[in-house]
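Chain by chain, the residues run as shown.
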Amino acid sequence: MDKVQAAEIQRHMLDAAAAISPAEPIICTLDEMDREALAAPFTKLIMALHFELLHTIYTRYPDLRPPAPDRNEVDTTLRWEDVVLQDPDFEANLDSIIFSVLSSRLQKTAVVLSRALEGCKSLGLSVDLEAIGARIEALADADRLEAAGDVRKWHHSEVRLNAETSPEN
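Residues numbered from 1 in each chain as written. Predicted model: local features only at pLDDT ≥ 70, side-chain atom pairs only at ≥ 80, totals over all residues. Heavy atoms only, no water.

Turning our attention to the packing of helix 5 (residues 109-122) against helix 6 (residues 129-141). Their axes nearest at 10 Å, the elements helix 5 and helix 6 cross at an angle of 115°. Regarding helix 5 and helix 6, the two cross each other, and that crossing is right-handed. The segment helix 5 lies against helix 6, with Val112, Leu113, Ser114, Ala116, Leu117 and Cys120 engaging Leu129, Ile132, Gly133 and Ile136. Across the contact of helix 5 with helix 6, the residue classes break down as eight nonpolar, two polar and no charged. (Axes fitted to C-alpha atoms, helices over the stretch in contact; angles between N-to-C directions. Helix = DSSP H or I, 4+ residues; strand = E, 2+ residues; numbered from the N terminus. Left-handed = near helix turned anticlockwise from the far one by under 90°. Contact = heavy atoms within 4.5 Å. Nonpolar A, V, L, I, M, F, W, Y, C, P; charged D, E, K, R; others polar.)

Written out as structure tokens, the structure reads:
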């Protein structure tokens, strides 16, 4: 394989990775039986794609490797106090949804956001990910939930229920 062929193969593999990555947060929301049935093969597929196939290309053509992601990338700068509430019950409803998808174990903030967004949609609440992210940050700042990392960096932080407070507080 020459460099032109390697670049074309790489492009298709990266397109495939981008196409299947939205399945991960959906798989995380499935019931236990379906999640167990899909999670392992999905992980195997991702590992093969990134750590076998693409690795082979990058070993031969290191200049094709994309730059490392910026670990300081912030997914949102929106603050909760800047969110315009259209319904006086919106904040309480959103809190209830967020707490319903949290558990006592740490979960990626991005997964919690995805689950909370689905919960909002099922209740007919019109909200975007940034507003949910801003609310999670506000709840973490108020010690109503525990956070590991900067929750503005959705893929590089985790959140869980705070053992000392309940969702009703």
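The topology assignment puts isoleucine 20 in helix 1 (residues 3-20). In contact with isoleucine 20, not counting residues within four places along its chain, are Phe42, Leu45 and Ile46.

What follows covers the nonpolar core. Residues Ile98, Ile132, Ile136 and Leu145 are the most contacted members of the largest nonpolar core, which totals 27 residues. Among the secondary structure elements, those contributing two or more residues to this core are helix 4 (90-101), helix 5 and helix 6. Beyond its immediate stretch of four places on either side in the chain, isoleucine 136 contacts Ile98, Val112, Leu113, Leu145 and Val159. Within the second largest apolar cluster, nine residues are counted, among which are Ala6, Leu54, Ile57 and Leu64. (Core = buried A, V, L, I, M, F, W, Y, C linked by side-chain atoms within 4.5 Å. Buried < 20%, exposed > 50% of the residue type's maximum accessible area, 1.4 Å probe, protein only.)

Residues Asp31, Glu32, Asp34 and Glu36 make up a contiguous surface patch of negative charge. By the element assignment, glutamate 36 lies in helix 3 (residues 32-60). (Patch = residues over 30% accessible without salt bridge, like charges linked within 9 Å, V, L, I, M, F, W, Y side chains within 5 Å. Areas by Shrake-Rupley, 256 points an atom, 1.4 Å probe, with all protein chains shown as cover. Salt bridge = Lys/Arg side-chain N within 4 Å of Asp/Glu carboxyl O. Lys, Arg positive; Asp, Glu negative; His and termini not counted. Charge placed at Lys NZ, Arg CZ, Asp CG, Glu CD.)

The residue aspartate 143 is not glycine, and still its phi comes out positive at about 60°. With respect to the helices and strands, the residue aspartate 143 is situated in the loop between helix 6 and strand 2 (145-148).

With that settled, consider the pattern of salt bridges. Counted by the stated rule, this structure contains 11 salt bridges. The partner of arginine 79 in a salt bridge is glutamate 137, with the nearest N and O atoms 2.7 Å apart. Taken together, the residues arginine 79 in the loop between helix 3 and helix 4 and glutamate 137 in helix 6 connect sequence positions 58 residues apart. What makes arginine 79 partly exposed here is its relative accessible area of 33%. Since its relative accessible area comes to 9%, glutamate 137 is described here as buried. With a shortest N-O distance of 3.3 Å, arginine 144 and aspartate 95 are connected by a salt bridge. A residue pair is termed long-range when its members are at least 10 positions apart, and arginine 144 in the loop between helix 6 and strand 2 and aspartate 95 in helix 4 qualify at 49 residues. Just as arginine 144 is buried, aspartate 95 falls in that class too. Residues joined in a network through salt bridges with shared partners are Arg79, Glu81, Glu137 and Asp141.

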